[in-house]
Every structure is written in C-alpha cells, then in structure tokens.
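# Coordinate analysis (summary)
The chain contents come next:
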Amino acid sequence: MKERKSEGCTKEKALQSFKVVVPTMTKQDHRLQYDISGLHSCLPALSVGMFSEGFMHGQGTYIWADGLKYEGDFVKNIPMNHGVYTWPDGSMYEGEVVNGMRNGFGMFKCSTQPVSYVGHWCQGKRHGKGSIYYNQEGTSWYEGDWVYNIKKGWGIRCYKSGNIYEGQWEDNMRHGEGKMRWLTTNEEYTGSWERGVQNGFGTHTWFLKRIPNSQYPLRNEYIGEFVNGCRHGHGKFYYASGAMYAGEWVSNKKHGMGRLTFKNGRVYEGPFFNDHIAQFPDLEVEFISYLDLPVDDAQIDRQRKSSDSAEIIRKLDGSKSRSVLGSGIELDLNVLLNMYPKENQAEEKKQVEFAVLRNITELRRIYSFYSSLGCDHSLDNTFLMTKLHFWRFLKDCKFHHHNITLADMDRILSANSDIPVEEIHSPFRTILLRTFLNYLLRLAYHIYHKDFQSRSPSLFLCFTKLMTENIHPNACQVKGTLFSEQQRTLYSMNYIDKCWEIYIAYCTPNVAPPNELTMKMRHFLWMLRDFRMINKELTATKFVAVIAEDNPFIHDGVDSNLELELVFLEFFEALLCFAVSYVPDQMNKSCLHAQYDDLFGNKIGSIQMPKIKKSLSDDKCSKMNFKPSGKGLAFLSQNEKNEKPKNDQKEKLNTWVNNMYVFFVNTLFQAYKHEELLKEKVKENRLQDAAIAQQKKMESEELEARLNILREEEAKKQDTEMDIPVIKEPGDALSSALTQSPPKEDTAMSQASKSTPSKKKRK
C-alpha cells in the first residue's frame, strides 16, 4: 500500500475529472441526482491505495478537492466494480460502479432529505427493480419498476396517509390496470387508470360503517365505465341497502335510460334526468339507500321530512308492500303463487312468509358464512354471495340428491327473470339476501311440491321440509376441494379466471331453451383427452370417480352417466382433485429446479415462486437492512432474517402449491394455449384452402368461358362458309363445261379409237 499525492494539477483541471448534475427535486421524489463520470489521468487532491504501472489499480481511496470521496475498487484510474461514494453534504452511495457511475445494484441515502433508495441503477439513474423511501418512518415508499429515474411498469406506492396503490405506472403516474385503496375514506377502486385518474372500466367501492345486525353488506359499489375520475357511461350501482341501479351515467349522476330495483324488490325502468327519475323530478333517489354517497345534512333532513317519497315509490308499479318481513325484504312469490288457485294465494303467501320469518336469523347466518368463503379481507367484514358460493351451499345441503343437477336449478331460478342467457351459469353473479330467500322457496317448491299436492298450505310445507331435511342438518359443513381450507382457497383463486375461460370455450349450447352454454361430463373428458392429459395417473376411471364422489346419479357401481351437466364449481373442483394425483412425486421433485415458460413466454425459475395473493392492506414494506462489509453490502429482508424452520404443515402446503402450479400453469394452461393455436392454424388453413379453391374455380370458369367463346367463333365461321353463294363468271362456266368428263359411251369409243392406231403402229 502506497500513499501518493498528485502533482502538477491545478484545481480547475481537477474539477474537470468529474461532473455533478445540479440537484433536481420533484413532488414525488426528493432525492438528489448525481451523475459521476470516469476519472482522467490528471488526478486532483489525495489518492491512497494500490497502484500498478502508474495507475490506481485495486483497492483504494480517492478524495476530490471539493470533498467528494470514493472508497472501493479502481481499474486503471477508473472506479469500477464495487465502491462507496460520500458527498460533502453527507449523502452516500454504496454498491456497484461501472466507469465511475452507479451501475448495477446499490443503495443511496440522501442527507439533506429523508430519502433513500435500494435497487438497481444504470448510468447513475434508478433503472430496473428498486425501492425508494420518502421518510425516515418508512410509511411513504414505492417499490417496483424504474426506467431512468421514472416510475414506469409495475409497482406499489404507499403514501404517508396510509393509502396504497398497486398496479401499472407510466411517467411517474398511475396508468394502466391497478388497484387503489383509500384507507382514510374507506374506498377502493380496481380497474383502468389514465395519467393518475380513473378512466375506463373499473369497480369503485365505498365501505360504510357497520350497523349492528345489519341485513345487507354495508357498502356502495359501482361497476362500470369511468371518464376523468367520474362515473360516466354505462354502469351498475349496488346500494348498501340492497337497491340497485343499472343504466346510463353522466358526471356521477344517473342520466338516460336505466333500471332501478328498490330494496324491497320493486322495479322501475325508464328515463332518468340529473340523478332523478324523470317522471318524478322531486323524488330524491338516494334516499332509497339512506347510505348512499356522502350528502350534506340539509339534504338528509329534507329527505327525512319528505312524507310523499315512500308513497311515490309504491305507486311506481301500482302496489304496496304488505310483507310481514318488512319493506327491507319483500319476497317475489308471484311465479309460485300462480301455481295455486286464486282463493288460496293470500293464505299461501302469508304462511310461507311466517315460515321464513321464523328462520330468518339462521338464514342470515348461513348467507354470511358462505358469502365469506374464499374472501381474504373486507374493511366492513361483510361480503356479497356469488353464484360460486351458492352452488357450494346447494351441494353441502344435498339439493342435487333429489334427481336434479345444479345446472337444472340454474335454469329453474332464471326462468321468468331478467338474467341474461350468458349469465345463467356464471360463477361471478352476485346474489343478495332477498334473492337468496326467493331461490330457496323456488327450489323447495320444485323438489317437494309433489309430496304436498293435496295438503294446504303447500308452499309452507315444502319450505319447512327443505329447512328440516336439507338446510338445518347440513348447512355450513363445507365439503369439496375449493373451500375446504382458507389458505389453499386463496391460492386456488389465482387460477379461477383462466379456468372459467377454458370452461366457456368447451361448452356447447343446450338443446332446450334458452339454449345456454353448458358442459356435459363427456365434453369434459374429451377436453382432457384433446389436451393429452389422460394418462396412468389420471385415467378415465379416476375421472369418473372424482366427479361421482358427491353425486349418486353419475355412477351406480357398474355404469356411468356421462350425459349429466357440470356447472363451473364442479368443473373447477374436479381440476383441483386432478392436480393432486396428476403430478407424480418424481416429476414434482424434478420440477423444483427446472425453468418454465409462463403464459407470456417469460422464463420462471422455480415453481415455488407463485405466492398467495394477499390484500393490499396486509402487504408489508420490504425494508432492507444495510450492513457494510469489506467488499460489498449485505441486504437482508426481515423475513429472511427471522426465518424459522419449516414444519410439516408448511411442507405439505408447499408440495400442494407446487402440484397446483405444475398442473395448471405448465400443463393445463399450456395445453389449452397449444390447442387454441392449433385451432387458429386449422382455421387459417381452411381459409387458405377455401381461397385457393375459390381461385381455382375462378380460373376454371374463366378458362371455360374462353373455350366457349372460341367454340362460338368457330361455329360462326362454319355457318358463314355454308351460307355464302358461289358466283362464277361466263368464261369459267365454259371452261368448266369443257373440262367435264364425257359420258360412258363416249369414253369407250374414244378409248377404242385410241387403241386402233397403236395396233397399226405395232404391225
């Protein structure tokens, strides 16, 4: 180690060996930006370290005249590999260096602002993956993609207020698909963004304060189109009270044609103007919910003092609510009551409403239990039941053991309703509590009405038997694979959207009206065969056994009925069962260290990479601990630092996760993608063949047309030659007459006269 002081260099020349960009600060990023160039041969100030052939080479320290200090590796006077920069104001960078500039992985800490950055650099700028912290408490940070000091790509931004955004960025602004949660106002938005504001299709939810023993999920939710942060276009608004509006919006107001379903089940469909029903401009529509978007106190008082509003709503369809359950829940029994004589309808309705009222507490508990299955988090701890939850409830309570499939139940419940044909079997359609009760009454009548044809009140007896034999003994005892364990359920939900796409692709129209798309068992089996997934681990016998496990009408021990229809829940749960048996242990072990291509063609290192997706409020800030060492940094996450040995339960979960990933991503989804590509190729080939055939047909027709033209011309020529008369001149006629052959007698005489002189000559 030597110490050498540079000579013959003035201060001005020394300052030319590096450059400092003037600090730039923005509202979102208060870090100082420095750009350090390579050192020149003229060295200012003091250098301490290793030299080789007159150059600084190896470990050393260099201090500029203005106080900037570098400690680390040199390669022929140029800072390279790894080092530490310390600025006169106390700012520091430690990490990788290329040609005197921050390049690679490193950490920067600013002394004048509480800002620090840990991540990748390129030419002195943040570029690649990195995390920036805007305060010392670590409550304001960004973690994600950078492109030359600009947030661009995917990232998570946590603000000082606690609000958090996760999604795509462009030019330091929220842009693309993303999810924003405002914890300060209990709001959440998931959908499209454009330059920092909501723009496009999305879902905005307003979480409200819970009221004890609340009947409905206390949230207002809008699903539809946004323009510049406002509800604008077509969309649906679900009120906390259970009311729902579907129609046109203009600048956050109902405007245009729409359909309003009141909380008691009554429906108004018609024009809206400036957030009001056009026929009743003085009616405040918001009071229907009483928990709508925030309004001022004067408006609330005005709504409460309005004595005519409730009467106007009743007059919209010319009826009044006389339900014993109250105006909050009004059962839609018109379809069922039409099955009975008119004189018995009033008594039937009254008795069945009393039966529902006696069981309403238990039914609310069941509704809340099933609607929360597979849901990770909710600010108000309430959830809306979806068709997927409802199917699970029906199977748990053995509704399908009455010689009726879940698909048949869907058709029964969608009859005489406004449900679109494509949503009859949709697993994502939401079901309110009053709809849940109406569905139970319809199914009770369909299953048990033959048992009580001669008794009255029949509908009351059907519902009572359904509660006694099906619901009370079996409800909330979850079976099946999907909802059996919360942690596995959350992970399985990552695959549900793609599986729904595959399910729809292999459905066929039903032969009976309304001709909706359904899947039979044989279609499911054919799909697996087309995907080449039927093997010794997943045989056809195994396929039937898995699906028939909870359905006594599929397999009787000898024969199998492959004509039964499968709803999406049965399809998806069967796939989850197949995933466990499809991936053998040897294949699973070999896959742990293999690389796979994901659906977008990117390399994935290990199948252990997928993680259970948690809600944004549960995400932790991945803070890095800084440990200076001899030649580098050690950045250890808190999770790695506090890592504990895995127990058997975690090992089983990891094995299960690996099996799911191999089966779905690397097998099922890839096979589906390959099959779709083949279909597209076949379609293209057919189009090409059709185009070639059409071209050949056109060429043959053109050739045939030319031949026909030539034939017609030839025929015309022949006809012309036959029709033209031959006119001869008089001289021609005389010469032709002279040249005509004489008669036979004359010919004989001439021959005799000719032969006579010849004889004389011979003599």
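Residues numbered from 1 in each chain as written. Predicted model: local features only at pLDDT ≥ 70, side-chain atom pairs only at ≥ 80, totals over all residues. Heavy atoms only, no water.

### Examining the overall build of the chain
A tally of helices and strands in the chain yields 20 helices and 30 strands. A buried classification covers 42% of the 763 residues belonging to the chain. Approximately 42,200 Å² of the chain is accessible, and the part contributed by carbon and sulfur atoms is 53%. (Helix = DSSP H or I, 4+ residues; strand = E, 2+ residues; numbered from the N terminus. Buried < 20%, exposed > 50% of the residue type's maximum accessible area, 1.4 Å probe, protein only. Areas by Shrake-Rupley, 256 points an atom, 1.4 Å probe, with all protein chains shown as cover.)

### Side note on the nonpolar core
Among the nonpolar cores identified, the biggest contains 105 residues, and Phe393, Phe399, Phe436, Phe524, Phe664 and Leu668 are the most heavily contacted of them. Ranked by residues supplied to this core, first place goes to helix H18 (residues 648-723) with 12 residues. Phe74, Ala243, Trp249 and Phe272 belong to the second-largest nonpolar core, a separate cluster that totals 38 residues. (Core = buried A, V, L, I, M, F, W, Y, C linked by side-chain atoms within 4.5 Å.)

### Considering the packing of helix H8 (residues 406-414) against helix H9 (residues 433-448)
Orientation of H8 relative to H9, taken along the N-to-C sense of each, is 115°, at an axis distance of 10 Å. It follows from the interaxial angle that H8 and H9 lie roughly perpendicular. Considering only the axes of H8 and H9, their crossing is right-handed. Contact residues: H8 offers Met409, Ile412 and Leu413, while H9 offers Tyr439, Arg442, Leu443 and His446. A class-by-class count of the residues in the contact of H8 with H9 yields 5 nonpolar, 1 polar and 1 charged. (Axes fitted to C-alpha atoms, helices over the stretch in contact; angles between N-to-C directions. Parallel < 35°, antiparallel > 145°, perpendicular 65-115°, else oblique. Left-handed = near helix turned anticlockwise from the far one by under 90°. Contact = heavy atoms within 4.5 Å. Nonpolar A, V, L, I, M, F, W, Y, C, P; charged D, E, K, R; others polar.)

### Some remarks on the pattern of salt bridges
Under the criterion given, the structure shown has 23 salt bridges. Taking the shortest distance from any N to any O, the salt bridge between Lys129 and Asp145 comes out at 2.6 Å. Taken together, the residues span a long stretch of sequence, with Lys129 in strand S9 (residues 125-133) and Asp145 in strand S10 (residues 141-147) at a distance of 16 residues. Residue Asp145 is classed as buried on the basis of its relative accessible area, which comes to 18%. When the shortest N-O distance is used, the salt bridge between Glu565 and Arg411 registers 2.5 Å. With a gap of 154 residues between them, Glu565 in strand S26 (residues 565-566) and Arg411 in helix H8 connect regions that are remote in the sequence. Assessed through its relative accessible area of 10%, Glu565 is described here as buried. A single salt-bridge network, built from bridges that share partners, covers Asp408, Arg411, Glu516 and Glu565. (Salt bridge = Lys/Arg side-chain N within 4 Å of Asp/Glu carboxyl O.)

### Quick notes on the sheet that holds strand S25 (residues 517-520)
If you walk across this open sheet you meet the 3 strands as S24-S25-S26, and the pairing is antiparallel. With one partner strand each, in any of the chains shown, strand S24 (508-509) and S26 form the two edges of the open sheet. Here 2 bridges tie S25 to S26, and the two strands are oriented antiparallel to one another. By the bridge assignment, Lys520 is partnered in S26 with Glu565. Docked against the sheet, helix H13 (residues 521-530) engages S24, S25 and S26, running at close to 75° with respect to S25. (Pairing = 2+ DSSP bridges.)

### A look at the packing of aromatic side chains
To describe a pair of aromatic rings, you give the distance between the ring centres and the angle between the ring planes. Summed over all chains, the structure comprises 52 aromatic pairs. Ring geometry for Tyr117 and Trp146: centres 5.9 Å apart, planes at 90°, overall edge-to-face. Linking Tyr117 in strand S8 (residues 116-122) with Trp146 in strand S10, this pair joins segments that are 29 residues apart in sequence. Classification of Trp146 by relative accessible area gives buried; the value is 2%. Ring geometry for Tyr222 versus Trp249: centroids 5.4 Å apart, planes at 80°, classification edge-to-face. With Tyr222 in strand S16 (residues 219-227) and Trp249 in strand S18 (residues 244-250), this pair connects stretches of sequence that are 27 residues apart. For Tyr222, a relative accessible area of 0% gives the class buried. Taking relative accessible area as the criterion, Trp249 reaches 2% and is therefore assigned buried. Over the ring of Tyr222 we find Arg231, and its NZ or CZ is 5.9 Å from the ring centre. (Phe/Tyr/Trp six-rings, centres within 6.5 Å; stacked < 30°, edge-to-face > 60°. Lys NZ or Arg CZ within 6 Å of the ring centre and 35° of its normal.)

### Here's the deal with a nonpolar patch on the surface
A surface patch of nonpolar side chains, about 270 Å² in accessible area, is lined by Leu703, Leu707 and Leu710. Among the secondary structure elements, Leu703 is positioned in helix H18. (Patch = residues over 30% accessible without salt bridge, like charges linked within 9 Å, V, L, I, M, F, W, Y side chains within 5 Å.)

### A few points about the environment of Ser91
By secondary structure assignment, the location of Ser91 is in the loop between strand S5 (78-86) and strand S6 (92-98). Judged by relative accessible area, Ser91 falls into the buried class, the value being 0%.

### Quick word on unusual backbone geometry
Cis peptide bonds are those with omega within 30 degrees of zero, and the linkage from Ser456 to Pro457 qualifies with 0°. Of note, Pro457 is situated in the loop between H9 and helix H10 (458-474). For the bond running from Pro513 to Pro514, omega is 5°, close enough to zero to count as cis. Tracing the backbone through its elements, the reader meets Pro514 in the loop between S24 and S25. Positive phi is not limited to glycine here, since Asn186 has a value of about 55°.

### Overview of the confidence of the model for the chain
Per-residue confidence for the chain gives a mean pLDDT of 74; residues scoring 70 or more make up 70%. Summarising per-element confidence for the chain, the mean pLDDT is lowest in helix H1 (residues 11-15) (33) and highest in helix H7 (residues 387-396) (94). In the model, residues 285-321 has pLDDT below 50 throughout and makes 62 contacts with residues more than four positions away in sequence or in other chains. Between residues 731-763, whose pLDDT stays under 50, and residues either more than four places distant or in other chains, the model counts 1 contact. (pLDDT = per-residue confidence, 0-100.)

### Looking at the pairing of S18
Judged from the 6 bridges that link them, strand S17 (residues 230-238) and S18 form a sheet pairing that is antiparallel. Note that in S18 the partner of His234 across the bridge is Glu248. Of the strand pairs in this sheet, S18 and strand S19 (residues 253-261) are connected by 6 bridges, and their pairing is antiparallel. Paired with Met244 across the bridge in S19 is Thr261.

### A few points about the packing of H9 against H10
For any two helices packed against each other, the geometry is given by the interaxial angle and the distance between the axes. One way to put it is that H9 packs onto H10 with a least axis distance of 8 Å and a crossing angle of 95°. The angle between H9 and H10 falls in the class roughly perpendicular. Contact residues: H9 offers Leu440, Leu441, Ala444, Tyr445 and Tyr448, while H10 offers Leu459, Cys462, Phe463, Lys465, Leu466, Glu469, Asn470 and Ile471. Residue classes in the contact of H9 with H10 are distributed as 10 nonpolar, 1 polar and 2 charged.

### Examining the side chain of Thr386
Topologically, Thr386 is positioned in strand S22 (residues 385-386). A residue is classified by how much of its surface remains accessible, and Thr386, at 17% relative accessible area, is buried. With near-sequence residues (within four places) excluded, Thr386 lies in contact with Pro427, Phe428, Arg429, Thr430 and Ile431.

### Details of the pairing of strand S15 (residues 197-207)
For a regular strand, the rule is simple: side chains alternate between the two faces of the sheet. Relative to S15, strand S14 (residues 187-194) is paired through 7 bridges, and the arrangement is antiparallel. Looking at S15, one finds that Thr190 is bridged to Thr203. Linking S14 to S15, which pair antiparallel, is a turn of 2 residues; within it Arg195 sits at a positive phi near 50°.

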